[in-house]
Amino acid sequence: MAEGNFSKAGEEKGVSRAQSDVNRKLKYISLAVLVVQNASLILSIRFVRTLPGDRFYATSAVVMAEVLKLLTCLLIILLQKRLNVKETALSLFDSIVVQYKDTLKLAVPSLIYTLQNNLQYIAISNLPAATFQVTYQLKILTTALFSVLMLRKTLSRVQWVSLLLLFAGVAIVQVQQEGKKESSVSDSSSQNYTVGLVAVVISCLSSGFAGVYFEKILKGSSASVWVRNVQLGMFGTTLGLLGMWWNDGPGIAHNGFFFGYTSMVWCVIFNQAFGGLLVAMVVKYADNILKGFATSFSIIVSTVASVYLFGFHVDLMFTAGAGMVIGAVYMYSLPKAPSMLSGVGGGASEAAGNADGGKMGLSRTGGSLTTEETEENGEMDSFLPKVGKQKGS
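This section reports on the structure supplied with the text. (Residues numbered from 1 in each chain as written. Predicted model: local features only at pLDDT ≥ 70, side-chain atom pairs only at ≥ 80, totals over all residues. Heavy atoms only, no water.)

**Some details on the overall build of the protein chain**
Moving on, step 1. The secondary structure content of the protein chain amounts to 16 helices and zero strands.
Moving on, step 2. At a minimum sequence separation of 6, the contacts of the protein chain that also span at least 24 residues come to 86%.
Moving on, step 3. Carbon and sulfur atoms make up 67% of the accessible area of the protein chain, which amounts to about 18,500 Å² in all. (Helix = DSSP H or I, 4+ residues; strand = E, 2+ residues; numbered from the N terminus. Contact = heavy atoms within 4.5 Å. Areas by Shrake-Rupley, 256 points an atom, 1.4 Å probe, with all protein chains shown as cover.)

**What about the packing of aromatic side chains?**
Moving on, step 1. If you walk through the whole model with that rule in mind, you get 15 aromatic pairs.
Moving on, step 2. With a centroid separation of 6.2 Å and an interplanar angle of 85 degrees, the aromatic rings of Phe 56 and Tyr 261 are classed as edge-to-face. Of this pair, Phe 56 sits in the loop between α1 (2-50) and α2 (58-80) while Tyr 261 sits in the loop between α10 (225-255) and α11 (263-283), and the two are 205 residues apart along the sequence.
Moving on, step 3. Residue class for Phe 56 comes out buried when judged on its relative accessible area of 3%.
Moving on, step 4. An aromatic cluster is defined as three or more aromatic residues linked by ring pairs; in this entry it consists of Phe 56, Tyr 121, Phe 257, Phe 258, Tyr 261, Trp 266, Phe 270 and Phe 274. (Phe/Tyr/Trp six-rings, centres within 6.5 Å; stacked < 30°, edge-to-face > 60°. Buried < 20%, exposed > 50% of the residue type's maximum accessible area, 1.4 Å probe, protein only.)

**Side note on the environment of Ile 112**
Moving on, step 1. Inspection of the secondary structure assignment puts Ile 112 in helix α5 (residues 107-126).
Moving on, step 2. Ile 112 gets classed as buried once you look at its relative accessible area, which sits at 13%.
Moving on, step 3. Remark: the alpha-carbon pair of Ile 112 and Phe 209, spanning 97 residues in sequence, is separated by 8.5 Å.
Moving on, step 4. When neighbours within four sequence positions are excluded, Ile 112 is seen to be in contact with Ser 206, Phe 209 and Ala 210.

**Some details on the nonpolar core**
Moving on, step 1. Ranked by internal contacts, the top residues of the largest apolar core, which has 52 residues, are Tyr 121, Phe 132, Val 134 and Ile 269.
Moving on, step 2. A total of seven residues in this core trace back to one element, the largest contributor, which is helix α13 (residues 316-332).
Moving on, step 3. Judged by nonpolar contacts, the second largest core, of 11 residues, contains Cys 73, Ile 77, Leu 92 and Leu 277. (Core = buried A, V, L, I, M, F, W, Y, C linked by side-chain atoms within 4.5 Å.)

**Brief notes about the pattern of salt bridges**
Moving on, step 1. Counting across every chain of the model gives two salt bridges.
Moving on, step 2. The partner of Lys 69 in a salt bridge is Glu 66, and the shortest N-O contact between them spans 3.9 Å. With a gap of three residues between them, Lys 69 and Glu 66 both fall in helix α2, about one helical turn apart.
Moving on, step 3. In this structure, the salt-bridge partner of Asp 102 is Lys 105, at a minimum N-O distance of 3.6 Å. One end of the pair, Asp 102, and the other, Lys 105, are both in helix α4 (residues 100-105), three residues apart, so they sit about a helical turn from each other. (Salt bridge = Lys/Arg side-chain N within 4 Å of Asp/Glu carboxyl O.)

**Overview of unusual backbone geometry**
Moving on, step 1. Within the chain, Leu 83 stands out as a residue other than glycine whose phi angle is a positive 60 degrees.
Moving on, step 2. Examined against the element boundaries, Leu 83 turns out to sit in the loop between α2 and α3 (85-98).
Moving on, step 3. In this model, Arg 152 sits at a positive phi of 55 degrees, which is unusual for a non-glycine residue.
Moving on, step 4. The topology assignment puts Arg 152 in the loop between α7 (138-151) and α8 (157-177).

**Overview of the environment of Tyr 330**
Moving on, step 1. By the element assignment, Tyr 330 lies in helix α13.
Moving on, step 2. Looking at Tyr 330, the relative accessible area reads 32%, which means it is partly exposed.

**Topic: α7**
Moving on, step 1. In this model α7 runs 19 Å from its N-terminal to its C-terminal C-alpha over 14 residues, within 8% of the 20 Å that 1.5 Å per residue would give.
Moving on, step 2. Here α7 has its buried residues at Leu 138, Lys 139, Ile 140, Leu 141, Thr 142, Thr 143, Ala 144 and Ser 147.
Moving on, step 3. Remark: Arg 152 follows α7 within two positions and exhibits a positive phi of approximately 55 degrees. (Expected span 1.5 Å × (residues − 1).)

**A few points about the packing of α2 against α5**
Moving on, step 1. One way to put it is that α2 packs onto α5 with a least axis distance of 10 Å and a crossing angle of 135 degrees. Viewed along their axes, α2 and α5 adopt a mutual orientation that is oblique. Along this stretch, α2 crosses α5, giving a crossing that reads as right-handed. Only Thr 114, Asn 117, Asn 118 and Tyr 121 of α5 make contact with α2, whose side of the interface consists of Ala 58, Thr 59, Ala 61, Val 62 and Glu 66.
Moving on, step 2. Split by residue class, the contact of α2 with α5 holds four nonpolar, four polar and one charged. (Axes fitted to C-alpha atoms, helices over the stretch in contact; angles between N-to-C directions. Parallel < 35°, antiparallel > 145°, perpendicular 65-115°, else oblique. Left-handed = near helix turned anticlockwise from the far one by under 90°. Nonpolar A, V, L, I, M, F, W, Y, C, P; charged D, E, K, R; others polar.)

**Some remarks on a nonpolar patch on the surface**
Moving on, step 1. A surface patch of nonpolar side chains, amounting to about 710 Å² of accessible area, comprises Phe 293, Phe 297, Ile 300, Val 304, Val 307, Tyr 308, Val 314 and Tyr 330.
Moving on, step 2. With six residues, helix α12 (residues 288-310) is the single largest residue contributor to the nonpolar patch. (Patch = residues over 30% accessible without salt bridge, like charges linked within 9 Å, V, L, I, M, F, W, Y side chains within 5 Å.)

**Re the packing of α3 against α10**
Moving on, step 1. Here α3 crosses α10 at 60 degrees, and the two axes come no closer than 11 Å. Between α3 and α10, the crossing angle belongs to the class labelled oblique. The chirality of how α3 crosses α10 is right-handed. Between α3, through Leu 92, Ser 95 and Ile 96, and α10, the contact on the second element is made entirely by Val 227, Val 230, Gln 231 and Met 234.
Moving on, step 2. Split into classes, the residues belonging to the contact of α3 with α10 amount to five nonpolar, two polar and no charged.

Bear in mind that shape data such as this cannot, by itself, settle questions of function.
Here is the structure:
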């Protein structure tokens, strides 16, 4: 009997060790995926927007990404219903039409997300990729401020210090970059640094507000994450089409919707559409500090790649400013003190994840899971590897 117990305990210990090894590997894979996704989207958009020749319409790319997200979520819901088309249709009708008030609530964040996606194209077209990557971290600051104002969240002293450090680092980068252009881009590219800076600042403000608003209106909602994204995708596609008609209507009517599309442009669209979904899957195995490291590494990767791809010049001021931003991101992602975790702290970083994950609404940066997040993780289990999760992941 004793030997049997020892044998059983040994087997359990072996399984636990194996699961621990798998989780460790998944964490490293998660880090790599997060870094690649964060850096590749910015670099690829910058690359396709500075190439000579016919330039595609950014508004059409935003619409195309929305359509792909919408179709993906519909397909996942259909798979969850075991390919039962009738059951899927009835479920969507109930969630979207019958509960129309909940659907209409998502019109505001959808409008803001659509605006944000268009502004990102404008910003990246007019700013060096590394400068955009550093400046865009201001979304952490705006999200924190909106969380404090709208959700009455509290931040730890370390987080407040990190926000001040973040602001100072971005300010140094902007002072250093003012008036500069990448040496490899000709003057005929009609880049405007001021336009790019205004676009990224507005994008950060909209990102912060949308993330907090999205969190506020969906607290306690029973709708699945995929249904939410179908609702967002419907509004996003409609609003994107209106924006495309308003801004580029005559040009698209003359040249066509897919004017200027190349294989690289399609890669950017697929990255934008499915990046959030991919990140959502790996974030399940990434803790808060790992996400902070991923953001920091992505800034470094973007900077190094910009040097080789775009002739970007890194000097002492940029290095100092970027270093302050990287340090601030790491400090902000540190675990909260027990008293903070038991209270309302950490909501700002959770909302930042809502905003940063785009319409997929999946990338969480909070230290602990809310009830809503736990339900969403359960819905995703059928699409994720069946391994044990480490505590805190």
